[in-house]
Amino acid sequence: MAGKMEPLMQSPMTPWPYRIQKVIRESHDTFSLNVVPKNSPDSMTFNPGQFNMLYAFGVGEVPISISGPQPGGKGMIHTIRDVGIVTGALHKLKKDQTIGLRGPFGSAWPIEESKGYDIVIMAGGIGLAPLRPALYALLDQRDKFGEIVLLYGVRKPEDLLFTKEFETWRGKYGVQVKMTVDTADREWRGNVGVVNTLVQRANFDPMNTVAMICGPEVMMRFAVSELKRREVPEDQIFITMERNMKCAVGFCGHCQFGPAFICKDGPIFRYDKVKQFFGIREI
Amino acid sequence: MKSLESILANHPFFKGLEPEYLALITGCASNVKFEAGQFIYRQDEEANSFYIIREGKVALEVCPPGKKPITVQTVSDGEILGWAWLIPPYHWQFDAQAVELTRAIVLDGRCLRTKCGEDHTLGYELLSRLLPVVGQTMEATRLQLLDIYGNND
Ligand SMILES: Cc1cc2nc3c(=O)[nH]c(=O)nc-3n(C[C@H](O)[C@H](O)[C@H](O)COP(=O)(O)OP(=O)(O)OC[C@H]3O[C@@H](n4cnc5c(N)ncnc54)[C@H](O)[C@@H]3O)c2cc1C
Ligand code: FES
């Protein structure tokens, strides 16, 4: 059976069957699928920030970033927010069911290039998922980086993802983990306000900082201006762009963003290279 | 023990302020401490204080009738709390409650208003520090209203 599947892998348009090894409930509307290839013992390799096309059979295919595993861990993890038809269908799947998977595709976070720098990771909502493998990679070589700061904003406390890992990131690796929510009641003892407000509260050396941002476009726009206010150079800021996708390999043009295709040239871009298109309504 | 003047001089809000003005402002200042859960001020009370947070965290809350209070913003180390002392009718718009043990310097708003009235350069210095904070808060509030992480529902 494994032999028969091999030729299919040669076409980037053909989904490969993956078995759901575990379903993790992350929050009321967000879940993770830990998947393993059905017909091959090896897990796929990927770079932090890359995404897969996940196919819910008979429903459709969506781009979803890879959110794990930790280095050396088994399978692939995708953390998904149930917002519509395909993500809703994926949400209904159970352990041992099968999904189709293509990729990994796209550009990666600049981990190697950031050695020697302080790192500011800014995530909004589900945006922490594509950044988690970057954090794992940074922590895997912790001594190669200066300060590591995670600034994370969500709508409500119950939307926070991966909170169990925060203590390890803080305690074992000395990461400055700062989170904030848009609104909360008195049970919440943490920060309230948008994620940009945390930039002023974090301790890093702006000129020697690489910032990696993932979240809704409006949030990223204000995050960039806050980082610039602290004088982080534009060519040290990396953002992610999201557009609807079909082929994910640069054939169809669905994901065009100015002169770039997000699936092939992105989704991670250095800010100074795309800033003239960023925030333009028509693009 | 650091003097009030040196604490103010090292606080980001007063960075770069002329020593003579720091001395003037220190004349209106005193140290305060709030335990977790203690109210610093309440909505509609007269606003005659301006707080410079040294350490801790304060929640600004609104309490819709018959509902649980909602926190709309938190203020922490190195930030300032309250500008209603500067704008008539000098009443607080929110409740401010310490979320954790909070140490601050409180400046007497009436004293500051008088000094700013007498010396417009001091008034300008204070306003040019306060306005960016007000602007940034307004920007942040707009983003909160946009509900950017929401599911378009
Ligand atoms: C490169 C890339 C990586 C991505 N990584 C992830 C990831 O790791 N996890 C994840 O959950 N999502 C991720 N997304 C977004 C995900 O692909 C979309 O949420 C998904 O395509 C929605 O498909 P659907 O059929 O479920 O929703 P649809 O039925 O197409 O849409 C239903 C409703 O949801 C709204 N909607 C669609 N997309 C979003 C969105 N992104 N946010 C809020 N509302 C939306 C639509 O406006 C519509 O009202 C990524 C997107 C890209 C381009
Ligand atoms: S999705 Fe087809 S070109 Fe990008």
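Residues numbered from 1 in each chain as written. Chains lettered and ligands numbered in written order. Predicted model: local features only at pLDDT ≥ 70, side-chain atom pairs only at ≥ 80, totals over all residues. Heavy atoms only, no water.

Draft legend 1. Representation of the nonpolar core in the model. All names here are of chain A. Formed by 42 residues in total, the largest nonpolar core has its most connected members in M122, L151, I213, L227, I237 and I239. If you tally residues by element for this core, the top one is helix α5 (residues 217–229), at five residues. Each of domain 1 (16–105) and domain 2 (112–240) gives at least three residues to this core. The contact partners of I239, leaving out residues within four places of it in the chain, are I213, M220, V224, P267, I268, F269, Y271, V274 and F278. Counting 36 residues, the second largest nonpolar core, distinct from the first, contains L150, V210, M212 and I268. (Core = buried A, V, L, I, M, F, W, Y, C linked by side-chain atoms within 4.5 Å. Buried < 20%, exposed > 50% of the residue type's maximum accessible area, 1.4 Å probe, protein only. Helix = DSSP H or I, 4+ residues; strand = E, 2+ residues; numbered from the N terminus. Domains from an automatic or database assignment. Contact = heavy atoms within 4.5 Å.)

Draft legend 2. Highlighting α5 of chain A. Between its first and last C-alpha, α5 of chain A extends 18 Å over 13 residues, near the 18 Å set by a 1.5 Å rise per residue. Here α5 of chain A has its buried residues at M219, M220, A223, V224, E226 and L227 of chain A. One face of α5 of chain A carries all of its buried residues, which in axial projection span an arc of 165 degrees. Among the structural elements, β7 (118–124), β11 (209–214), β12 (237–240) and α7 (271–274) of chain A together with α4 (120–146) of chain B are those in contact with the buried residues of α5 of chain A. Residue E231 of chain A follows α5 of chain A closely and has a positive phi angle near 70 degrees. (Expected span 1.5 Å × (residues − 1). Arc of directions from axis to C-beta.)

Draft legend 3. View of the sheet that holds strand β8 (residues 102–108) of chain B. Residues and elements named next belong to chain B. Taken together, four strands build an open sheet; the order of strands is β1-β8-β3-β6 and the sheet is antiparallel. Looking at the sheet topology across the chains shown, the edges are occupied by β1 (29–34) and β6 (80–81). Where strand β3 (residues 49–55) and β6 come together, two bridges link them in antiparallel fashion. Each residue of the ladder has a partner; that of Y51, found in β6, is L81. Across the face of the sheet, helix α3 (residues 109–118) comes into contact with β3 and β8 while running at roughly 45 degrees to β8. (Pairing = 2+ DSSP bridges. Axes fitted to C-alpha atoms, helices over the stretch in contact; angles between N-to-C directions.)

Draft legend 4. The arrangement of the interface of chain A and chain B in detail. In this assembly, 29 residues from chain A lie in contact with 27 residues from chain B. Regarding the contact of chain A and chain B, the summed buried area is about 2,500 Å², with carbon and sulfur atoms giving 49% of it. Counting the contacts that link chain A with chain B gives five salt bridges. At the boundary of chain A and chain B, one finds 10 residue pairs in polar contact (both at pLDDT 80 or more). Of all the secondary structure elements, the ones that give two or more residues to the side of chain A that touches chain B are β8 (148–154), β10 (191–192) and α5 of chain A. Among the elements that make up the side of chain A that touches chain B, the one with the highest residue count is α5 of chain A (five residues). (Buried area = accessible area lost by both parts, 1.4 Å probe. Salt bridge = Lys/Arg side-chain N within 4 Å of Asp/Glu carboxyl O. Polar contact = N/O pair within 3.5 Å; in protein donor to acceptor, adjacent residues only side chain to side chain.)

Draft legend 5. Spotlight on the side chain of N52 of chain A. Residues and elements named next belong to chain A. Mapped onto the fold, N52 is located in strand β3 (residues 51–56). Of the residues examined, N52 reaches a relative accessible area of 0% and is grouped as buried. In this structure the side chain of N52 is engaged in a polar contact, spanning 2.9 Å, whose partner is the backbone oxygen of R102. Ignoring sequence-local partners within four residues, the contact set of N52 consists of M44, V62, P63, I64, I66, M76, H78, L101, R102, G103 and P104.

Draft legend 6. Focus on the domain arrangement of chain A. All names here are of chain A. When its domains are assigned, chain A resolves into domain 1 (16–105) and domain 2 (112–240). At the interface, 18 residues of domain 1 touch 15 residues of domain 2. Each partner contributes to the roughly 1,200 Å² buried at the junction of domain 1 and domain 2, and carbon and sulfur atoms together form 65% of this total. Of all residues in domain 1, the largest losses of buried area upon contact with domain 2 belong to P48, S67 and P71, amounting jointly to 32% of the total for that side. Put simply, domain 1 and domain 2 have zero salt bridges between them. Viewed at the interface, domain 2 and domain 1 are joined by two residue pairs in polar contact (both at pLDDT 80 or more). Among the residues making up the side of domain 1 that touches domain 2, the classes are represented as seven nonpolar, nine polar and two charged. (Nonpolar A, V, L, I, M, F, W, Y, C, P; charged D, E, K, R; others polar.)

Draft legend 7. Expanded view of the pairing of strand β1 (residues 16–25) of chain A. Residues and elements named next belong to chain A. Judged from the four bridges that link them, β1 and strand β6 (residues 98–105) form a sheet pairing that is antiparallel. Across the sheet, the residue bridging to Y18 is I99, located in β6. Taken together, the seven bridges between β1 and strand β2 (residues 30–37) define a ladder with antiparallel strand orientation. Bridging from a neighbouring strand, K22 pairs with N34 of β2. Joining the antiparallel neighbours β1 and β2 is a turn of four residues.

Draft legend 8. Quick peek at the sheet that holds β6 of chain A. All names here are of chain A. Here six strands make up an open sheet; going across it, the order is β4-β3-β6-β1-β2-β5 and the pairing antiparallel. Each edge of the sheet is formed by a strand with only one pairing partner; in this case those strands are β4 (60–65) and β5 (76–81). Going from strand to strand, the sheet's axes swing by 40 degrees on average, the running direction of each strand aside. For β3 and β4, the ladder comprises six bridges, and the chain directions are antiparallel.

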